[in-house]
Amino acid sequence: METLKVALLGAGNVGAQVARILLEDADALAGRVGARLELTGIAVRDVDAPRTVDLPRDLLSTDAEAVLSGADLVVELMGGIEPARSLIKRALAGGAAVVTGNKALLAEHGPELYAAAEEAGVQLAYEAAVAGAIPIIRPVRDNLAGDNITRVLGIVNGTTNYILDAMDTTGASFADALAEAQRLGYAEADPTADVEGLDAAAKATILASLAFHTSFDRAHVSCEGITAITAADVAAAREAGYVIKLLAICEAVPADPQAPDGDRGVAVRVHPTLLPREHALAAVRGAFNAVYIEAEYAGSLMFYGAGAGGVPTASAVLGDIVSSARRRVLGGPGVTESVGASVTPVGLEAVATSYAIGLRVADAPGVLATIARVFGDHGVSIGTLRQTTHADGAREGTSNDADLRIVTHRALDAALRRTVDAVGQLPAVHEVTSILRVEGA
Ligand SMILES: NC(=O)c1ccc[n+]([C@@H]2O[C@H](COP(=O)([O-])OP(=O)(O)OC[C@H]3O[C@@H](n4cnc5c(N)ncnc54)[C@H](O)[C@@H]3O)[C@@H](O)[C@H]2O)c1
Ligand SMILES: N[C@@H](CCO)C(=O)O
Ligand code: NA
């Protein structure tokens, strides 16, 4: 039987598990590939660092370039932009197939790397880069290649879903839920990329490019994280029949909001979103991920599972290793990215959604009518309105305060902002407590 040489770059959470499985399951994998996969080297920062998995010491090296030279397959699990980018380019140029889970790198430099793979006639596979273990890259790129995807809604970050779910089910504050996520090992020690939505935005960039056959850039993706979400927002959403999720949304919309029947563009956005509790994505709990796809012929599809964690993510990496190795045995690079569509990337200003708006107002006669008139004057239609009086929020010498939660019909972002600005100027409105988008209603 032929032997293929596999080089691994990085032995952290995911890399160490990939190495373990390559060694432990060597016979089974050889049967599936039609060649033996020999792990020839593992690039690490420190040969003596403690690891979650005991790895053969003679495979470890701090010289990544030496590790990848001569390999048939290079598996990059170091993360970050450099040196990952240069090492992947070097591996591709040398004729090796590359497997990576590096969404940050692909969101910023994907087209350059896809082109390098194409030029070298080898495969660049990255199933682990979006939603961990969930098969989503190949379904979107290959299985749905003959369909027309119209919308992708994804819960693609486990840490933020864990936090929002804990806030929803236990009433915890954002800070307490984050601390718990860190204690359980879901969030990074520095969880900025998770809670600010940057990790989800990188994944959205990759999904949009595949779903709409166009090279999207991270700069095309508008991004808002969950750090401003309060326990009160979550409670109010719950009371109104919604749950708040951080969604990555890629959607075909009119390129010019003033010309609804004109050319279509694609808007890609990440933000906290209210979802009706009966929506399929509302049932995604804890650190799980799910991607919901609407396509012209397939209808609605949902992909669900573990979006993070060393062992589940290793499953996606191993799948790419087996399939790349098998292609190597059979010859040819297989299916590659298709970017012939040249869809126009458009910004958030082109997207109309419903909004949930929280207002702290004076509980006095005529206040509701005045607020409703401002909405009407700006052409934003109110769908539902709930009022809760605040006995403990009484303002000295005046009326009590009340909390209003308004859910609008679909409106463009600019019209909504103008409306909220005008409402905020009303003397009876003491504070705009939140503005959140609603999807799936
Ligand atoms: N952990 C997950 O759940 C998950 C899920 C999907 C994708 N990913 C992606 O997989 C990749 C790896 O993630 P991870 O969680 O294993 O990260 P990690 O931080 O646990 O592991 C990365 C390892 O690479 C090593 N490394 C970094 N630079 C190096 C260099 N120049 N030379 C040698 N070694 C170097 C680090 O020392 C570390 O051990 C990242 O791109 C990440 O975004 C992770
Ligand atoms: N930090 C990421 C890891 C998986 O990409 C998450 O929480 O989903
Ligand atoms: Na995946």
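All figures in this text were calculated on a predicted structure; none of them were measured in a lab.

Overview of the overall build of the protein
Then comes step 1: Within the protein, the secondary structure is distributed over 14 helices and 18 strands.
Then comes step 2: For the protein, whose C-alpha radius of gyration is 25 Å, the value lies close to the compact-globule estimate of 22 Å for 441 residues.
Then comes step 3: The dimensions of the protein, computed from C-alpha atoms along their principal axes, are 85 × 50 × 35 Å.
Then comes step 4: Of all 441 residues assigned to the protein, the portion counted as buried reaches 51%.

Quick look at the packing of helix α4 (residues 84-93) against helix α5 (residues 103-120)
Then comes step 1: Remark: α4 packs on α5, axes separated minimally by 9 Å, with the N-to-C direction vectors making an angle of 10 degrees. Considering the angle they form, α4 stands roughly parallel to α5. Between α4 and α5 lies a crossing of right-handed hand. Here α4 contributes A84, R85, I88, K89 and L92 to the contact with α5, which in turn contributes L105, H109, E112, L113, A116, A117 and A120.
Then comes step 2: Taken together, the residues of the contact of α4 with α5 sort by class into 8 nonpolar, 1 polar and 3 charged.

Structural notes on the packing of helix α2 (residues 26-33) against helix α12 (residues 310-330)
Then comes step 1: With their axes 9 Å apart at the nearest point, α2 and α12 run at an angle of 45 degrees to one another. One finds that α2 runs oblique with respect to α12. When the axes of α2 and α12 are compared, the crossing they make is right-handed. Here α2 contributes L29, R32 and V33 to the contact with α12, which in turn contributes L318, V322, A325, R326 and V329.
Then comes step 2: Residue composition of the contact of α2 with α12, by class: 6 nonpolar, no polar and 2 charged.

So, the side chain of D165
Then comes step 1: Positionally, D165 belongs in helix α7 (residues 158-170).
Then comes step 2: The class for D165 is buried, based on a relative accessible area of 9%.
Then comes step 3: At 2.8 Å, the side chain of D165 forms a polar contact with the side chain of R285.

Notes on the site of ligand 1
Then comes step 1: The local shell around ligand 1 holds 19 residues, among which N13, V14, G101, K103 and G309 are the closest.
Then comes step 2: Within the backbone of V14, one N or O atom sits 2.9 Å away from an oxygen atom of ligand 1.
Then comes step 3: The side chain of K103 places a nitrogen or oxygen atom 3.1 Å from an oxygen atom of ligand 1.
Then comes step 4: Expressed as a share of its isolated accessible area of 820 Å², the protein-covered part of ligand 1 is 76%.
Then comes step 5: Looking at side-chain class alone, the shell around ligand 1 contains 9 nonpolar, 8 polar and 2 charged residues.

What to know about the nonpolar core
Then comes step 1: Core analysis: the biggest nonpolar cluster contains 80 residues, and V74, Y126, I136, I149, I163 and I293 have the highest contact counts within it.
Then comes step 2: The element best represented in this core is helix α10 (residues 198-211), accounting for 8 residues.
Then comes step 3: Excluding anything up to four places from it in sequence, V74 contacts A7, L9, L68, A91, A96, A97, V98 and V99.

Comments concerning unusual backbone geometry
Then comes step 1: Of note, the bond from E82 into P83 is cis; its omega dihedral lies within 30 degrees of zero at 5 degrees.
Then comes step 2: Considering the arrangement of structural elements, one finds P83 in the loop between β4 (73-76) and α4.
Then comes step 3: Positive phi is not limited to glycine here, since H213 has a value of about 50 degrees.
Then comes step 4: For H213, the position within the fold is in the loop between α10 and β8 (221-223).
Then comes step 5: Backbone geometry places S342, a non-glycine residue, at a positive phi of 50 degrees.
Then comes step 6: Inspection of the secondary structure puts S342 in the loop between α12 and β13 (344-346).
Then comes step 7: Overall, S342 belongs to the exposed group, its relative accessible area being 61%.

Let's talk about the UniProt feature "binding site: NADPH" (unreviewed entry) in the protein
Then comes step 1: According to UniProt, the positions carrying the feature "binding site: NADPH" (unreviewed entry) are K103.
Then comes step 2: Assessed through its relative accessible area of 23%, K103 is described here as partly exposed.

What to know about the domain arrangement of the protein
Put simply, an interface is often sized by how much accessible area is lost when its parts join up.
Then comes step 1: Considered domain by domain, the protein is made up of domain 1 (3-130 + 311-330), domain 2 (137-307) and domain 3 (351-438).
Then comes step 2: A C-alpha centroid distance of 26 Å is found between domain 2 and domain 3.
Then comes step 3: Facing 17 residues of domain 2, the contacting portion of domain 3 comprises 12 residues.
Then comes step 4: Both sides of the domain 2 and domain 3 interface together cover about 1,200 Å² of buried area, and 63% of this is carbon and sulfur.
Then comes step 5: Our count for the contact surface shared by domain 2 and domain 3 stands at 2 salt bridges.
Then comes step 6: Taking the shortest distance from any N to any O, the salt bridge between R405 and D233 comes out at 3.5 Å.
Then comes step 7: Taken together, the links from domain 2 to domain 3 amount to 4 residue pairs in polar contact (both at pLDDT 80 or more).

Topic: the coordination of the sodium ion (ligand 3)
Then comes step 1: E127 (O), E127 (OE), V130 (O), G132 (O) and I134 (O) make up the full set of protein donors to the sodium ion (ligand 3), lying at 2.4 to 2.7 Å.
Then comes step 2: One chain supplies every donor to the sodium ion (ligand 3), and in sequence these donors are spaced E-x2-V-x1-G-x1-I.
Then comes step 3: We classify E127 as buried; its relative accessible area is 5%.

Considerations on the sheet that holds strand β6 (residues 124-125)
Then comes step 1: In spatial order, the strands read β3-β2-β1-β4-β5-β6; together these 6 strands make up an open sheet with parallel pairing. Single-partner strands in this sheet number two, and they are β3 (60-61) and β6.
Then comes step 2: Bridge analysis of strand β1 (residues 3-9) against β4 gives 4 bridges, and the strand direction is parallel. Within the sheet, the bridge partner assigned to L9 lies in β4 and is E76.
Then comes step 3: Contacting β1 and β2 (36-43), α2 crosses the sheet at an angle of about 120 degrees to β2.
Then comes step 4: Its contacts with the sheet place α12 against β1, β2, β4, β5 (97-100) and β6, and it is angled at close to 170 degrees to β5.

What counts and what doesn't
Residues numbered from 1 in each chain as written. Chains lettered and ligands numbered in written order. Predicted model: local features only at pLDDT ≥ 70, side-chain atom pairs only at ≥ 80, totals over all residues. Heavy atoms only, no water. Helix = DSSP H or I, 4+ residues; strand = E, 2+ residues; numbered from the N terminus. Rg over C-alpha atoms; globule rule 2.2 N^0.38 Å. Buried < 20%, exposed > 50% of the residue type's maximum accessible area, 1.4 Å probe, protein only. Axes fitted to C-alpha atoms, helices over the stretch in contact; angles between N-to-C directions. Parallel < 35°, antiparallel > 145°, perpendicular 65-115°, else oblique. Left-handed = near helix turned anticlockwise from the far one by under 90°. Contact = heavy atoms within 4.5 Å. Nonpolar A, V, L, I, M, F, W, Y, C, P; charged D, E, K, R; others polar. Polar contact = N/O pair within 3.5 Å; in protein donor to acceptor, adjacent residues only side chain to side chain. Near = heavy atom within 4 Å. Areas by Shrake-Rupley, 256 points an atom, 1.4 Å probe, with all protein chains shown as cover. Core = buried A, V, L, I, M, F, W, Y, C linked by side-chain atoms within 4.5 Å. UniProt positions renumbered as here; feature names shortened; annotations may be inferred. Domains from an automatic or database assignment. Buried area = accessible area lost by both parts, 1.4 Å probe. Salt bridge = Lys/Arg side-chain N within 4 Å of Asp/Glu carboxyl O. Donors = N, O, S within 2.8 Å, 3.2 Å for Na, K, Ca; no water. Pairing = 2+ DSSP bridges.

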